[in-house]
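# Fold and contact review
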Amino acid sequence: MAAPGKVAAFRLPPLPTIGEIIKLYRLKAQRQLSQNFLLDLRLTDKIVKQAGELKNAHVCEVGPGPGGITRSILSAGVEQLLLIEKDARFIPGLQMLSEAAPGKVRIVHGDILTYNMEKAFPKHLKKDWEDEPPDIHIIGNLPFSVSTPLIIKWLANVSKKDGPFKYGRTQMTLTFQKEVGERLTANPGGNQRSRLSIMAQHLCTVENCFVIPGQAFVPKPEVDVAVVHFTPLVQPKIQQPFELVEKLVQSVFQFRRKYCFRGLETLFPETGRFKRTEQLMMTANVDPTLRPFQLSMSQFRNLCDTYRKMCDEDPNLFVFNYREELKQKKRKRKLFESTEQTEEEDQL
């Protein structure tokens, strides 16, 4: 019996081990879904610990699979746990966990990329953006195939304060391939500095917590795994629309080893391209001979602010697509060559 005035800590009743669950339901990781199971509960506890204080919190776990991290989350004393699982094979094992924690677990058989998280949590948990983060957490051992598109989607949600961030600055603790984790947290000048570095760091405080060796997973992936924690910033470091920042950053990094001038050129149509790129870099006060990975966050901010002004002056500029321009030039060249060949045949 609990001591007077104290609430007894929640404990799961005795359950089959994760390995036994896998055998019981004949679960096999599917390579095409890049699934890897984490069976060591000491490691799942360590992942959950990175999320912070979870007692009485509301948590969404993405892709719980056989339920290793799920057990650690429940053992942390959460109020409610929402499980979103795409693979129907895992649902029976998760239902067993749900029955072991009555009233605490809700299971959704669905795809996190399309699931509407704006109604996932009670309204009373909502906080103003300037306040401390709400008592809501997103945790997940993400399949490698979905991790990058998913974090980009959530960063867009952070920028617009919608989706799971409609409740405030919801924190996330997620796994990525070690290399992706290094990109997310890379500093200017670092080898791993990339588009992901800028998109994540201008919107969130990003912490690379620790690395899990590949051999801890079943089946063993060819790479190690990084656990990364995200806390949205009160004020983004680049105060421009997500789509504009993403377009400029993508353009810069598509020629990673060349001078940043080369990538920024692709923001402009061929007519007047050099002059407008020069104007962008001079106004933003950025050295055109710097490589993309050498640019600081403040330099990216200056570039985005200047590009925004240029787009406001020329509304057609933002919709310009460099790749489409290349495709059209290629089509015209093929048509010209075909016409020339036809004329030669006629002459013969």
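Residues numbered from 1 in each chain as written. Predicted model: local features only at pLDDT ≥ 70, side-chain atom pairs only at ≥ 80, totals over all residues. Heavy atoms only, no water.

## So, the overall build of the chain
This is how the line gets drawn: Secondary structure is summarised from DSSP: a helix means a run of H or I of at least four residues, a strand means a run of E of at least two, and numbering begins at the N terminus for each. A 1.4 Å probe rolled over the protein chains alone gives each residue an accessible area, and that area as a share of the maximum for its type sets the label: buried under 20%, exposed over 50%, partly exposed in between. All accessibility values rest on the Shrake-Rupley procedure with a 1.4 Å probe; residue burial counts only the protein chains present in the view.
A count of helical and extended segments in the chain gives twelve helices and nine strands. Going through the 348 residues of the chain one by one, you find that 47% of them count as buried. For the chain, the accessible area works out to roughly 18,300 Å², and carbon and sulfur atoms hold 50% of it.

## A look at the pattern of salt bridges
Note the following rule: The working definition used for a salt bridge is a side-chain nitrogen of Lys or Arg within 4 Å of a carboxyl oxygen of Asp or Glu.
Under the defined criterion, the tally for this structure stands at 13 salt bridges. Measuring nitrogen to oxygen at the nearest pair gives 3.6 Å for the salt bridge that ties Asp-111 to Lys-86. Of this pair, Asp-111 sits in the loop between β4 (105-109) and β5 (136-140) while Lys-86 sits in the loop between β3 (80-85) and α4 (91-100), and the two are 25 residues apart along the sequence. The closest approach of N and O atoms between Glu-265 and Arg-262, which form a salt bridge, is 3.4 Å. Note that Glu-265 and Arg-262 are positioned in helix α9 (residues 260-265) at a spacing of three residues, about one turn of the helix. Taking relative accessible area as the criterion, Arg-262 reaches 27% and is therefore assigned partly exposed.

## Examining α4
For clarity, the threshold we go by: The contact criterion used throughout is that any non-hydrogen atoms of two residues lie within 4.5 Å.
Within α4, the full set of buried residues consists of Ile-91, Gly-93, Leu-94, Leu-97, Ser-98 and Ala-100. Contact partners of the buried residues in α4: α3 (68-75), β3 and β4.

## Quick notes on the environment of Leu-83
Residue placement: Leu-83 occurs in strand β3. Through-space distance from the C-alpha of Leu-83 to that of Gly-63 is 7.3 Å; in sequence the pair is 20 residues apart. Ignoring anything within four residues of it in the chain, the contact list for Leu-83 reads Glu-61, Pro-64, Thr-70, Leu-94, Val-105, Arg-106, Ile-107 and Val-108.

## Some thoughts on the UniProt feature "binding site: S-adenosyl-L-methionine" (unreviewed entry) in the chain
Threshold: UniProt positions are given in the numbering used here, feature names are shortened, and annotations may be inferred rather than shown by experiment.
According to UniProt, the feature "binding site: S-adenosyl-L-methionine" (unreviewed entry) maps to Asn-36, Leu-38, Gly-63, Glu-85, Asp-111 and Asn-141 in the numbering used here. One can find Leu-38 in strand β1 (residues 37-38). Take Leu-38: its relative accessible area is 6%, and that puts it in the buried class. If near-sequence neighbours (up to four positions away) are discounted, Leu-38 is found in contact with Leu-43, Thr-44, Ile-47, Gly-68, Ile-212, Ala-216 and Phe-217.

## Digging into unusual backbone geometry
Look at Lys-161: it is not a glycine, yet its phi comes out positive at around 55°. Inspection of the secondary structure puts Lys-161 in the loop between α5 (144-160) and β6 (171-177). In this structure, Asn-285 takes a positive phi of about 60° despite not being glycine. Tracing the backbone shows Asn-285 in the loop between α10 (273-284) and α11 (297-313). A relative accessible area of 65% means that Asn-285 is categorised as exposed.

## Observations concerning the packing of helix α8 (residues 242-253) against α11
Definition in use: In this description, a line fitted to the C-alpha atoms serves as the axis of each element, helices being fitted only across the stretch in contact, and the angle between N-to-C directions of two axes falls anywhere from 0 to 180 degrees. With the far helix as reference, a near helix turned anticlockwise by less than a right angle produces a left-handed crossing, and one turned clockwise produces a right-handed crossing. Residue type decides the class: Asp, Glu, Lys and Arg count as charged, Ala, Val, Leu, Ile, Met, Phe, Trp, Tyr, Cys and Pro as nonpolar, and the leftover types, Gly among them, as polar.
Where α8 meets α11, the closest approach of the two axes is 10 Å, and the angle between their N-to-C directions is 115°. Both α8 and α11 take part in a crossing whose hand is right-handed. The residues of α11 that touch α8, namely those facing Leu-244, Val-245, Lys-247, Leu-248, Val-249, Val-252 and Phe-253, are Phe-300, Leu-303, Cys-304, Tyr-307 and Arg-308. Of the residues belonging to the contact of α8 with α11, the class tally is ten nonpolar, no polar and two charged.

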